[in-house]
Amino acid sequence: YYLTVAEYVQFNLALSIFNILVVTISFGFFTSIMRESARKAGSKEFRGTAFLVGLVGGILGSVLLCIAGLIMVFVTGNVGFGTVLLLSSPFFVIFYIHYGLNKILIGESMIKKLSLSISSQKLIFLALAITVLHFFPHNVPLLVIAKLSSWILIIPIIIFSGIAFKNIRKHLSELWAE
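Residues numbered from 1 in each chain as written. Predicted model: local features only at pLDDT ≥ 70, side-chain atom pairs only at ≥ 80, totals over all residues. Heavy atoms only, no water.

**Here we look at helix 4 (residues 79-88)**
Considered for burial, the residues of helix 4 that qualify are Phe 81, Gly 82, Val 84, Leu 85 and Ser 88. The arc that holds every buried residue of helix 4, seen down its axis, measures 155°, which confines them to one face. (Buried < 20%, exposed > 50% of the residue type's maximum accessible area, 1.4 Å probe, protein only. Helix = DSSP H or I, 4+ residues; strand = E, 2+ residues; numbered from the N terminus. Arc of directions from axis to C-beta.)

**Regarding the environment of Ile 17**
Position of Ile 17 among the secondary structure elements: in helix 1 (residues 5-26). Ile 17 sits 68 residues away from Leu 85 along the chain, and the two C-alpha atoms are 9.3 Å apart. If near-sequence neighbours (up to four positions away) are discounted, Ile 17 is found in contact with Leu 65, Phe 81 and Leu 85. (Contact = heavy atoms within 4.5 Å.)

**So, the environment of Val 84**
Its place among the elements puts Val 84 in helix 4. A residue is classified by how much of its surface remains accessible, and Val 84, at 0% relative accessible area, is buried. In sequence terms Val 84 and Val 144 are 60 residues apart; their C-alpha atoms lie 7.2 Å from each other. Apart from the residues lying within four places of it in its own chain, the contact partners of Val 84 are Gln 10, Ala 14, Val 140, Pro 141 and Val 144.

**A closer look at helix 6 (residues 111-135)**
Helix length check: helix 6 (25 residues) gives 36 Å between terminal C-alpha atoms against 36 Å at 1.5 Å per residue, within 8%. Along helix 6, the residues classified as buried are Leu 114, Ser 117, Ser 120, Gln 121, Phe 125, Ala 129, Val 132 and Leu 133. (Expected span 1.5 Å × (residues − 1).)

**Structural notes on the nonpolar core**
Formed by 32 residues in total, the largest nonpolar core has its most connected members in Phe 11, Phe 18, Phe 92, Phe 95, Leu 143 and Val 144. Every element with two or more residues in this core is listed here: helix 1, helix 2 (29-39), helix 3 (44-76), helix 4, helix 5 (92-107), helix 6 and helix 7 (140-149). With seven residues, the single largest contributor to this core is helix 1. Among residues more than four places away in sequence, those in contact with Phe 92 are Phe 18, Leu 21, Val 22, Ile 25, Gly 57, Gly 58, Gly 61, Ser 62, Leu 65 and Leu 148. (Core = buried A, V, L, I, M, F, W, Y, C linked by side-chain atoms within 4.5 Å.)

**A word on the side chain of Glu 7**
Structurally, Glu 7 is set in helix 1. The side chain of Glu 7 sits in the buried core without any salt bridge; Lys 147 is the nearest counter-charge, 17 Å away. At a separation of 2.8 Å, a polar atom in the side chain of Glu 7 contacts the side chain of His 138. (Lys, Arg positive; Asp, Glu negative; His and termini not counted. Salt bridge = Lys/Arg side-chain N within 4 Å of Asp/Glu carboxyl O. Polar contact = N/O pair within 3.5 Å; in protein donor to acceptor, adjacent residues only side chain to side chain.)

**Let's talk about the packing of helix 1 against helix 5**
Interhelical geometry of helix 1 versus helix 5 gives an angle of 60° and a closest axis separation of 11 Å. The pairing of helix 1 with helix 5 is recorded here as oblique in orientation. In terms of crossing hand, the pair formed by helix 1 and helix 5 is right-handed. Seen from helix 1, the contacting residues are Phe 18, Asn 19, Leu 21, Val 22, Ile 25 and Ser 26; seen from helix 5, they are Phe 92, Phe 95, Tyr 96 and Tyr 99. Counted by class, the contact of helix 1 with helix 5 contains eight nonpolar, two polar and no charged residues. (Axes fitted to C-alpha atoms, helices over the stretch in contact; angles between N-to-C directions. Parallel < 35°, antiparallel > 145°, perpendicular 65-115°, else oblique. Left-handed = near helix turned anticlockwise from the far one by under 90°. Nonpolar A, V, L, I, M, F, W, Y, C, P; charged D, E, K, R; others polar.)

Set out below in structure tokens:
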């Protein structure tokens, strides 16, 4: 059970696009949120701000991935890679929120939760990848979806991090001013 060279390139290219999109969409908000959460350790309000920034950015990223996928399919004729982008675009929201919440965990020095989040995500992806490659060999879109859905661990992180949705406007204006 393996991917061909072309399939492996598609898989890595999709993940690279997601990582570039994360940096582009965040506008430095997550870095500022990380710094502010370090200053005000234990402030659950910045966690709420990070979650909302992640949600809005994730939705924006998903829309951009859909547009890129449609361009790939209809303009360039690259149906294979366009399909990868189109099918995985809804899962970008999970990927993006997880990225933001990991920044909060770094800012608040919650290293145990951070390492648990990262290592369990990798174990979940390993199990999903083995399953996908066993039952659906050479299915790159499904493998990318497995990679992105392995970040579903944001749900327990959100629950156990104690996010508060207070003073969101105030925090966003402070972050935007920086």
